[in-house]
Each structure stands twice: as C-alpha cells, then as structure tokens.
Amino acid sequence: MPLLEFNNVGFGYKTGGRIVDNISFSVEKGELVAIIGASGCGKSTLFRLITRLEANYDGSIEVNGEPIEKSGAIAAFMPQKDLLLPWRNILKNVALPLETLKMPKQERISRAKNALSRVGLSGCEEKKPSELSGGMRQRASFARTLMTAELGRELLLLDEPFSALDSITRTQMQDWLLKQVRSLDKTVMLITHDIDEALLLAGRVIVLCDKPASIARQADSSMIKSREHLFTPQAIQLKEELTQLLSADAVLREADTEVTENAR
Ligand SMILES: Nc1ncnc2c1ncn2[C@@H]1O[C@H](COP(=O)(O)OP(=O)(O)OP(=O)(O)O)[C@@H](O)[C@H]1O
Ligand SMILES: [Mg+2]
C-alpha cells in the first residue's frame, strides 16, 4: 500500500480559479520523488494540500489507505522560504517546533544540538540567522525539518531547498542532501526547478504542466545514481524530453499571458 496517494485531485484557492486538476500519483514508502514544473504552476500548492494547510479539494488524498483527514500529521515540511526568525539564535530557531509541542527545555536543547551537528552546524548555536551564509541557513532550516521528521513524521517535503544558492554551493548542498537522505529511513518529496537536481536526487520525476496544473509525465530516474550518470546517453535523452515538456508549457503560458493582457 502506498504511503501517499492522490486520486483525481483538483483544487483552487477561494480567491481565484482552478490551480490543479486531475492529479493522480502515489508515493511508496522509502521513495524520493521530485516534482518539477514552471513557476506558479501549483507545486507548492500540492505540499499545502499534503500538510493540510488547504482543504476543500476534489478527489481523494489517502495516507496508508486512509483519507488524509483521518491520519495524524505525516509530513515534516521545509518551506520555500527558510522562515528562520531573525531575532532568535540558530539553536532556538531549530528548537521552535519542540517548544510548540511543550517538550521539556533540556530535551529540546539536546535534540536541537543533535540536529545541528548532523547538518555540520555545531558551533553556530548562538549565531543569529543574519550571521550565517545562505547555505548555512538552508542547512539550519533542513535541521529543523529533520527534527520534526525524527518525531515520527514519515514524509519529508522539501520545497526548493536550494533555490537561493549559487551554483557551486548548490552542487555541494545536493551532494550533501543525497547523503543525508540515503542515511535516513524516510520518504521524500522534493520540489525543484532544476532538471539535473531532480534527476540526480530522485528515483522518479513528476512533471507538472498546463494551467490548471496536471501531470504531464512521470519519469523513472532511478538509473541516475551519481553526478557522472547525468552524462550517460540515457540521462541526456531523458533530460531533453523533460526540457521540451517544460518549454512547451512555458510557451503556452506566455501565449496565455499575452491573450489575457490584450483582453484588458
Ligand atoms: N495562499 C494562496 N492564496 C491564493 N492563491 C495562491 C496562494 N498560494 C498560491 N496561490 C496561487 O496559486 C498558483 C500556484 O502557486 P504555487 O505557489 O503552488 O506555485 P509554484 O508552482 O510553487 O510556483 P513557484 O515555482 O514560483 O514556487 C499561483 O497562481 C499563486 O498565485
Ligand atoms: Mg513554490
């Protein structure tokens, strides 16, 4: 039985039209699935449905075969913006979810220190977010997500974890994440704009297209296990196919914007 299953899910925010339509996919325990798609197509919205920040969708979303509304919280969520509070030091930022759970202070501190050491940030406990580099902030944010995952949440939702980084730091962080994820016994969904990143990190890539967003393709990328594999003929071919799907979608979007603007 899959950990998560979307069946013909459709959704729109109260303020606007339909954002996603007819979305069906499932995620098995232990999988790492990437979601790619043009900006604004509805990727983060899928995470908002999984974390139940949004309800009132059509179709069904099931967790371990039960409606999501009946299951406890399953997801540890790393949002697109790091949401570190500027006035709190890194230790207190990472410990925040434990505070809301009213965990005793000693245990909170020990768990948060542990999570920081896992992401290579021991020694930065007292620093404020503004004193860290972009990569360090992303790692602190990941540490906070990791800690929530260790409280029993099976699914890690990572929304563009490296989008704010330059390409060298990004490459280092991807390698780092790959190691972390392989050492964790978790299921991961990763949103990214970067096809290489999706192919490298994930075993399967879901491509979202069109407005409202629906699934254009689900591609197996499990044969790409390291950066060198990105240059095999098979990987290059897959990358070309995915790039074409995304650029066809971008052309449609541009045309759509022009039509809307001309109509004004
Ligand atoms: N809370 C909200 N209320 C109303 N509309 C929203 C809300 N969040 C997102 N939207 C709209 O829903 C659409 C999809 O947004 P979403 O954030 O899911 O896109 P995305 O694919 O994650 O984009 P990006 O790659 O830029 O992060 C956009 O048109 C956006 O304006
Ligand atoms: Mg988004």
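As the structure is a prediction and not an experimental result, all values here were calculated from the model.

Engineer: If you had to explain the nonpolar core to someone new, which residues and values would you point to?
Structural biologist: Of all hydrophobic cores here, the largest spans 66 residues; its most connected members are Ala34, Val94, Leu116, Ala143, Leu157, Leu190 and Val205. At six residues, the largest contribution of residues to this core is made by helix 4 (residues 134-150). Setting aside residues up to four positions removed in sequence, Ala34 forms contacts with Leu190, Thr192, Ala198, Leu201, Ala202 and Val205.

Engineer: Break down the pairing of strand 1 (residues 4-12) for me, citing the residues and quoting the values.
Structural biologist: Here strand 1 runs beside strand 2 (residues 18-27); their pairing, made up of six bridges, is antiparallel. When the sheet's bridge partners are listed, Phe6 is paired in strand 2 with Phe25. Linking two consecutive strands that pair antiparallel, namely strand 1 and strand 2, is a turn of five residues.

Engineer: Can you explain the site of ligand 1? Please cite residues and give values.
Structural biologist: Neighbouring residues of ligand 1: 13 residues in total, closest Tyr13, Ser39, Lys43, Ser44 and Thr45. A total of three residues in the shell around ligand 1 trace back to one element, the largest contributor, which is helix 1 (residues 43-50). Tallied by class, the residues present in the shell around ligand 1 amount to three nonpolar, nine polar and one charged.

Engineer: Go over helix 1, please, and point to the residues and values.
Structural biologist: Within helix 1, six of the eight residues are buried, which leaves it mostly tucked inside the rest of the structure. Taken together, the buried positions of helix 1 are occupied by Lys43, Thr45, Leu46, Phe47, Leu49 and Ile50.

Engineer: Could you give an account of the sheet that holds strand 5 (residues 66-67), naming the residues involved and the relevant values?
Structural biologist: Strand order across the open sheet formed by four strands is 2-1-4-5, with antiparallel pairing between neighbours. Both outer strands of the open sheet, strand 2 and strand 5, are each paired with one neighbouring strand and no more.

Engineer: Tell me about the environment of Tyr57, and please be specific about residues and values.
Structural biologist: Tracing the chain through its elements places Tyr57 in the loop between helix 1 and strand 4 (58-63). For the pair Tyr57 and Pro233, spaced 176 residues apart in sequence, the C-alpha separation works out to 41 Å. With residues near it in sequence (within four places) discarded, Tyr57 still touches Val9, Gly10, Phe11 and Leu49.

Engineer: I'd like a description of the packing of helix 2 (residues 90-100) against helix 3 (residues 105-118), backed by residues and values.
Structural biologist: Between helix 2 and helix 3, the least distance of the axes is 9 Å, while the angle of their chain directions is 120°. Taken together, the axis directions place helix 2 and helix 3 in an arrangement best described as oblique. Crossing handedness for the pair helix 2 and helix 3: right-handed. Across from Ile90, Leu91, Val94, Ala95, Leu98 and Glu99 in helix 2, the residues of helix 3 making contact are Arg108, Ile109, Arg111, Ala112, Lys113, Ala115 and Leu116. Of the residues belonging to the contact of helix 2 with helix 3, the class tally is nine nonpolar, no polar and four charged.

About the cut-offs
Residues numbered from 1 in each chain as written. Chains lettered and ligands numbered in written order. Predicted model: local features only at pLDDT ≥ 70, side-chain atom pairs only at ≥ 80, totals over all residues. Core = buried A, V, L, I, M, F, W, Y, C linked by C-beta atoms within 7 Å. Buried ≥ 20, exposed ≤ 12 C-beta atoms within 10 Å, placed from the backbone. Helix = DSSP H or I, 4+ residues; strand = E, 2+ residues; numbered from the N terminus. Contact = placed C-beta atoms within 7 Å. Pairing = 2+ DSSP bridges. Near = placed C-beta within 6 Å. Nonpolar A, V, L, I, M, F, W, Y, C, P; charged D, E, K, R; others polar. Axes fitted to C-alpha atoms, helices over the stretch in contact; angles between N-to-C directions. Parallel < 35°, antiparallel > 145°, perpendicular 65-115°, else oblique. Left-handed = near helix turned anticlockwise from the far one by under 90°.

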